[in-house]
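Chain by chain, the residues:
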Amino acid sequence: MAVSLREYRARIRSVESTKKITRAMELIAASRVVKAQQRAAAAAPYARELTRAVSAVATYSNVDHALTTEPDRGDRAAILIVTSDRGLAGAYSSSILKEAERLLERLRSEDKTIDVYITGRKGEAYYKFRQRPVVKVWTGFSDQPTYEVADEVGEALIAAFMAGEAEGGANIFPGVDEVHLVYTRYKSMLVQEPVALRLLPLEVVEGEAPPEKDEVLPLYEFEPSAAEVLDQLLPRYVKSRIFFAFLQAAASELAARQKAMKSATDNAEELIKKYTRIANQARQAGITQEISEIVGGVNALADATAGHD
Amino acid sequence: MADSLRVELVAADRLVWSGEAQRVIARTTEGDVGILPNHAPMLAVTVDGVVDVLTTDGETWVAAVDAGFLSVAHNRVSILSERAEMSHEIDLEKARKDLERAKASGANEDEASEAVRQAEARIRAAERAS
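None of these values were measured; they are calculated from a predicted model.

Conventions and cut-offs
Residues numbered from 1 in each chain as written. Chains lettered and ligands numbered in written order. Predicted model: local features only at pLDDT ≥ 70, side-chain atom pairs only at ≥ 80, totals over all residues. Heavy atoms only, no water. Helix = DSSP H or I, 4+ residues; strand = E, 2+ residues; numbered from the N terminus. Buried < 20%, exposed > 50% of the residue type's maximum accessible area, 1.4 Å probe, protein only. Contact = heavy atoms within 4.5 Å. Areas by Shrake-Rupley, 256 points an atom, 1.4 Å probe, with all protein chains shown as cover. Expected span 1.5 Å × (residues − 1). Patch = residues over 30% accessible without salt bridge, like charges linked within 9 Å, V, L, I, M, F, W, Y side chains within 5 Å. Salt bridge = Lys/Arg side-chain N within 4 Å of Asp/Glu carboxyl O. Phe/Tyr/Trp six-rings, centres within 6.5 Å; stacked < 30°, edge-to-face > 60°. Lys NZ or Arg CZ within 6 Å of the ring centre and 35° of its normal. 1 Å grid on protein atoms, 1.4 Å probe; cavity = no way out; pocket = protein on both sides within 12 Å on 5 of 7 lines; lining within 4 Å. Points joined across faces, edges and corners; volume = space filled by probe spheres on them. pLDDT = per-residue confidence, 0-100. Pairing = 2+ DSSP bridges. Right-handed = clockwise from strand over helix to strand, strands pointing away. Nonpolar A, V, L, I, M, F, W, Y, C, P; charged D, E, K, R; others polar. Buried area = accessible area lost by both parts, 1.4 Å probe. Axes fitted to C-alpha atoms, helices over the stretch in contact; angles between N-to-C directions.

Enquirer: What's the story with the overall build of chain A in this structure? I'm lost.
Expert: Counting its regular elements, chain A contains 5 helices and 6 strands. Starting at the N terminus and ending at the C terminus, chain A contains elements arranged as α-β-α-β-α-β-α-β-β-β-α. Relative to its full complement of 309 residues, chain A shows a buried share of 41%. Residue pairs in contact within chain A that sit at least 24 positions apart in sequence constitute 78% of those at least 6 positions apart. Accessible surface, chain A: about 16800 Å² in total, of which carbon and sulfur atoms supply 54%.

Enquirer: When you look at helix H2 (residues 92-109) of chain A in this model, what are you seeing that I'm missing?
Expert: Residues and elements named next belong to chain A. Here H2 contains 18 residues, and its C-alpha end-to-end distance of 26 Å stays within 8% of the 26 Å for a straight helix at 1.5 Å per residue. Of the surrounding secondary structure, the elements contacted by the buried residues of H2 are strand E1 (76-82), strand E2 (113-119), helix H3 (121-129), strand E4 (178-186), strand E5 (192-200) and helix H5 (226-308). Looking one or two places after H2, you find Asp111, whose phi comes out positive at around 60°.

Enquirer: Hey, could you run me through a nonpolar patch on the surface in this one?
Expert: Residue and element names in this part refer to chain A. A surface patch of nonpolar side chains, amounting to about 270 Å² of accessible area, comprises Met189, Leu190 and Val191. In this fold, Met189 is placed in the loop between E4 and E5. Look at Met189 and you get partly exposed, because its relative accessible area is 31%.

Enquirer: Would you mind showing me how to read the packing of aromatic side chains here?
Expert: For any pair of aromatic rings, the description rests on two quantities: the centre-to-centre distance and the angle between the ring planes. Tallying each qualifying case throughout the model produces 7 aromatic pairs over all chains. Geometrically, the ring pair formed by Tyr147 of chain A and Phe243 of chain A is edge-to-face, given 5.2 Å between the ring centres and 85° between the ring planes. Of this pair, Tyr147 of chain A sits in helix H4 (residues 147-165) while Phe243 of chain A is found in helix H5, placing the two residues 96 residues apart along the sequence. Both residues of the pair, Tyr147 of chain A and Phe243 of chain A, belong to the buried class. Judged by centre distance (4.6 Å) and plane angle (55°), the rings of Trp17 of chain B and Trp61 of chain B are tilted. Residue Trp17 of chain B is found in strand E2 (residues 14-28), and its partner Trp61 of chain B is found in strand E6 (residues 60-65); the two are separated by 44 residues along the sequence. Accessibility classification places Trp17 of chain B together with Trp61 of chain B in one group, the buried group. Over the face of the ring belonging to Tyr126 of chain A we find Arg130 of chain A, whose NZ or CZ atom lies 3.9 Å from the ring centre.

Enquirer: I tried to follow empty space enclosed by the protein on my own but got confused; where do I start?
Expert: Any empty space left between the atoms is revealed when a probe the size of a water molecule rolls over them. Residue and element names in this part refer to chain B. One pass over the structure, following the stated rule, counts 3 cavities of 30 Å³ or more. Looking at the largest cavity, its volume works out to about 50 Å³. Taken together, Ala64, Val65, Asp66, Arg83, Ala84, Glu85, Gln118, Ala121 and Arg122 form the lining of the largest cavity. Elements with a minimum of two residues in the lining of the largest cavity: E6, strand E9 (84-86) and helix H2 (110-129).

Enquirer: Mind showing me how you'd approach the confidence of the model for chain B here?
Expert: Put simply, chain B has an average pLDDT of 82, and 91% of its residues get 70 or more. Scored as a complex, the prediction yields pTM 0.82 and ipTM 0.77.

Enquirer: Would you mind going over the pairing of E1 of chain A with me for this structure?
Expert: In summary, the side chains of a regular strand alternate between the two faces of the sheet. Residues and elements named next belong to chain A. With respect to burial, E1 is a largely interior element, 7 of its 7 residues being buried. Taking every second residue as pointing to the same face, both faces of E1 are buried, with Arg76, Ala78, Leu80 and Val82 on one and Ala77, Ile79 and Ile81 on the other. Sheet topology note: the E1/E2 ladder contains 7 bridges and is parallel. Each residue of the ladder has a partner; that of Arg76, found in E2, is Thr113. Between the parallel elements E1 and E2, the chain passes through H2 in a crossover that is right-handed.

Enquirer: Looking at this structure, I do not really get the layout of surface pockets. What am I missing?
Expert: Here the largest pocket defines a volume of roughly 1200 Å³. Lining the largest pocket are 40 residues, and of these Asp151 of chain A together with Asp66, Glu82, Glu114 and Gln118 of chain B lie nearest its centre. Only helix H1 (2-60), H4 and H5 of chain A together with strand E4 (42-46), E9, helix H1 (92-104) and H2 of chain B provide two or more residues apiece to the lining of the largest pocket. Across the lining of the largest pocket, the residue classes tally to 15 nonpolar, 5 polar and 20 charged.

Enquirer: Before we go on, may I ask you to explain the interface of chain B and chain A in this structure?
Expert: Interfaces are often sized by the amount of accessible area the parts lose when they come together. Between chain B and chain A, the contact holds 28 residues from the first and 27 residues from the second. Both faces considered, chain B and chain A share a buried interface measuring about 2200 Å² in area, 64% of it formed by carbon and sulfur atoms. It is Leu43, Phe69 and Glu82 of chain B in chain B that bury the most area against chain A; as a group they hold 28% of the surface buried on that side. In this structure, the connection of chain B to chain A is made through 3 salt bridges.

Enquirer: Would you mind going over the sheet that holds E2 of chain A with me for this structure?
Expert: Residues and elements named next belong to chain A. Across the sheet, which stays open at both edges, the 5 strands sit in the order E3-E2-E1-E4-E5 with mixed pairing between neighbours. A strand with exactly one partner marks an edge of an open sheet, and here the two such strands are strand E3 (136-138) and E5. Here the average twist between neighbouring strands, direction ignored, is 20°. Of the strand pairs in this sheet, E1 and E4 are connected by 5 bridges, and their pairing is parallel. For Leu80, the partnering residue across the bridge sits in E4 and is Leu181. Strand contacts of H3: E1, E2 and E3, with the helix running at about 140° to E2, the strand carrying the most contacts.

Enquirer: Honestly, unusual backbone geometry in this entry has me stumped. Any pointers?
Expert: Outside of glycine, negative phi angles account for most residues, and trans bonds account for most peptide bonds. Residue and element names in this part refer to chain B. The backbone phi angle of Asn38 is positive, close to 65°, even though this residue is not glycine. Positionally, Asn38 belongs in the loop between strand E3 (31-35) and E4. Taking the relative accessible area as the measure of exposure, Asn38 reaches 55% and is therefore exposed. At His74, a position not held by glycine, the phi torsion is positive, near 50°.

Enquirer: Which parts of the structure should I look at to understand the environment of Leu5 of chain A?
Expert: Mapped onto the elements of the fold, Leu5 of chain A is located in helix H1. The sequence separation of Leu5 of chain A and Lys262 of chain A amounts to 257 residues, and the corresponding C-alpha distance is 29 Å.

Shown next, in the form of structure tokens:
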């Protein structure tokens, strides 16, 4: 009995230290998620102004651009999966990878060759373990993405897409005809949902601010030219979309981690309570046994002395 | 002045400045443009340089911006840039060092000359303000 009591006490101590760790992670995630939300909010004006500018160009000019035109044939697709660097975030990684799997399945059923681009170590590990080819991986920023990384990723994806446009010559690097983006959208502290959307070719939503019926359409001056403006504008638009996805994913990851760690802490508390009860029971049983042994011993002694007299 | 411009200077990761202004000067690929209230709608590509804004209170502030956009419509001016710094945020020492480093790394390379332009813009902005 005494042995198992010691065992229970050791188990309680181990659960207690686990609880301390999960509690700390929960608090860290909680403070970071607020920061991540603020960053996402701070980046919103840039995205909003860019969208406004893009739709202004789309509405007031009729210039076509390589990034907005549908390719004639789409037999090669690229997919960027935004995953986390670290685990312990509940179902965050698995649900985003599942969403990516679904998209891959759909693209495959359309007979497309797929190039996979990944951000985050979890996604990298997933693909490496299954020995699937990955074109490029970026890691090390999933909870605090910077614009520089989005710039780099955007640059790579646009290059892959444009390579397809410039095909015909001796192009060794096959270009992709569409680019998809899979990331986790942050809806609230409790709800984060994985989404897949098509990044390229761009679908420009016209008329961000639809003109009034009797209002004369403002004639935009483009400097140097509409084509040039679009040329500069669209890559930035793409990068800003990617940056936005990163920020959303970061907030989602931290929220998911906080939730997972909170339930881990709760579970640890539950376990400690349970083990404490069992340990107390064991201790009481031990005491009871000792008393009955002593009483038994005293009685036996008393009987023995009584017999002598 | 009855009319004023509603100005927003936006970097990729934050809103740097927003407010009312009488006049905005920015550098586009075609040269400097000055924008006064009731300017015709315009979309222009800007280069690394300095943005100069005269607010309705009669104050002037300058900011260094990287290449980006300027859009004007209905007295709303927005300046978009991947990176933008107000003059008081600029570390002049650091900008000077960046400039030297960029120059040393070979001004012929595209990237290096871009870095040179960016550093120069920051120094100009900081010096103008002081």
